[in-house]
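Commentary on secondary and tertiary structure
Listed here are the chains, written in short residue letters.
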Amino acid sequence: MRTALLQSSGRPGSTVENLKVLDEAAGRAAAAGAALLVAPEMFLTGYAIGDDIARLAEPADGDSADAIAELAHRHGLAITYGYPERDGDRVHNSAQLISADGTRLANYRKSHLFGGFERDHFTAGDQPVVQARLDGLTVGIMICYDVEFPELVRAHALAGTDLLLVPTANMHPFEIVAESMVPVRAWENQMYVAYANRVGQEGEFEFFGLSALAGPDGVARARAGRAEELVLADLDPALLAASREANPYLEDRRPGLYGSLA
């Protein structure tokens, strides 16, 4: 399955403009043969927009979800995007997966909030593993800081996730996450990891890009630089199966020794 990673911060503060950016990127991705487009964390509205987060938040089945379902169907590819999700008085930092026929397949709420900014504006989610089936693969979703917790990624591995989608808003000086940790997470959990980051200065944050799609062999199949970019890479189910057969991490675990981790 060819996967496209949209490395962009869009137009912070404008849902309308970000939908246009997503539409254009989906068109380019589909023309290149992609079956899936992954956009960054909070792509729908922008990340560092302060109180506008609450103002622009929408329910998972809101107007923007309908608009993205329409453009996914029109371009014929699945789309994952980050957005602020309104649920009553709560706002979650969420990511949603919509299929190529416009069906809402999965919605994940970020469970590990990073720093005072996120804790001031969001309520943490409490469902650690959210999955869906897409083109014969089990696809899981988490958001940015979540992937830095090995327990959470391992939970996905044990639940059978083949491809982990990670919409991201990671900033300088934490480049080590994109450069080293993401390939290691893919290797130690025997899965593909698609890490789509924001880029450029936004408020107080400098997002560094370096989006990547890492394989179960720990090799980045695609790696973006530090500018706006659309990168593509192919997922090979045969490689995934062969790598899992050769790598015994999951089989050699001794869970009875790990009780103290909880």
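This text follows the structure it describes.
Residues numbered from 1 in each chain as written. Predicted model: local features only at pLDDT ≥ 70, side-chain atom pairs only at ≥ 80, totals over all residues. Heavy atoms only, no water.

1. Quick notes on the overall build of the protein
So the rule is basically this: Strands here mean DSSP runs of E at least two residues long; helices mean DSSP runs of H or I at least four residues long; both are numbered from the N terminus. As a reference, a globule follows 2.2 Å times the number of residues to the power 0.38, and the radius of gyration itself is taken over C-alpha atoms. Here the term buried applies to any residue with accessible area under 20% of the maximum for its type, exposed to any over 50%, and partly exposed to those in between, with areas from a 1.4 Å probe on protein chains only. The criterion used for residue contact is that any of the two residues' heavy atoms lie within 4.5 Å. With residues, only the protein chains shown are counted as cover, and all accessible areas are computed by Shrake-Rupley using a 1.4 Å probe. All tallies of charge rest on Lys and Arg as positive and Asp and Glu as negative; His and the ends of each chain are not included. Where a charge lies is defined by one atom per residue type, namely NZ (Lys), CZ (Arg), CG (Asp) and CD (Glu).
The secondary structure content of the protein amounts to eight helices and 14 strands. Taking 262 residues into account, the globule formula puts the C-alpha radius of gyration at 18 Å, and the protein, at 17 Å, falls close to it. C-alpha atoms of the protein, sized along the principal axes, occupy 50 × 40 × 30 Å. Buried positions account for 53% of the 262 residues belonging to the protein. In the protein, the proportion of contacts linking residues at least 24 apart, taken out of those at least 6 apart, comes to 69%. Total accessible area computed for the protein in this model is approximately 10,600 Å², and 51% of it derives from carbon and sulfur atoms. Distance between charge centroids for the protein: 2 Å, based on 22 positive and 37 negative side chains.

2. Side note on the pairing of strand β8 (residues 163-167)
Let me state the cut-off plainly: Strands qualify as paired when DSSP identifies two bridges or more between them. By definition, the crossover connecting two strands over a helix is right-handed if that path, from the first strand to the second, turns clockwise as seen with the strands pointing away from the viewer.
With five of five residues buried, β8 is to be regarded as a mostly interior element. Along β8, one buried face is formed by Leu163, Leu165 and Pro167 and the opposite face, lined by Leu164 and Val166, is buried too. For strand β7 (residues 137-141) and β8, the ladder comprises three bridges, and the chain directions are parallel. By the bridge assignment for β8, Ile141 is matched with Leu165. Traced from β7 through helix α5 (residues 150-158) to β8, the parallel crossover comes out right-handed. Two elements, β8 and strand β9 (residues 192-196), share five bridges in a ladder whose sense is parallel. Within the sheet, the bridge partner assigned to Leu165 lies in β9 and is Ala194. You can see the chain leave β8, run along helix α6 (residues 175-189) and come back into β9, and the turn it takes is right-handed.

3. Looking at the sheet that holds β8
Formally: To get an axis, fit a line to the C-alpha atoms, keeping to the stretch in contact for a helix; angles then go from 0 to 180 degrees between the N-to-C directions.
The mixed open sheet is built from six strands, whose spatial order is β6-β7-β8-β9-β12-β13. Among the strands making up the open sheet, the edge pair consists of β6 (131-134) and β13 (220-223). Averaged over all neighbouring strand pairs, the angle between strand axes comes to 20°, with direction disregarded. With four bridges connecting them, β6 and β7 associate as antiparallel partners. Following the sheet pairing, Leu134 is matched in β7 by Leu137.

4. Here we look at the environment of Val91
For Val91, the location among the structural elements is in strand β4 (residues 90-98). Under the relative-accessibility criterion, Val91 is labelled buried at 6%. C-alpha of Val91 to C-alpha of Glu58: the two residues are 33 residues apart in sequence and 8.7 Å apart in space. Apart from the residues lying within four places of it in its own chain, the contact partners of Val91 are Ile53, Ala54, Ala57, Pro84, Glu85, Arg86, His121, Phe122 and Thr123.

5. Side note on the sheet that holds strand β2 (residues 36-38)
Strand order across the open sheet formed by six strands is β5-β4-β3-β2-β1-β14, with mixed pairing between neighbours. Both outer strands of the open sheet, β5 (104-109) and β14 (229-234), are each paired with one neighbouring strand and no more. In this sheet, neighbouring strand axes are inclined to one another by 30° on average, regardless of whether the strands run parallel or antiparallel. One ladder, built from three bridges, connects β2 with strand β3 (residues 78-87); its direction is parallel. Directly across from Leu37, in β3, lies its bridge partner Ile79.

6. Focus: the pairing of strand β10 (residues 199-202)
Two strands pair when backbone bridges link them, and β10 and strand β11 (residues 205-208) are joined in this way by four bridges, in the antiparallel orientation. Bridge pairing links Gly200 to Phe207 in β11. The antiparallel pairing of β10 with β11 creates a hairpin that spans two residues between the two strands, and Gly203 there sits at a positive phi of about 60°.

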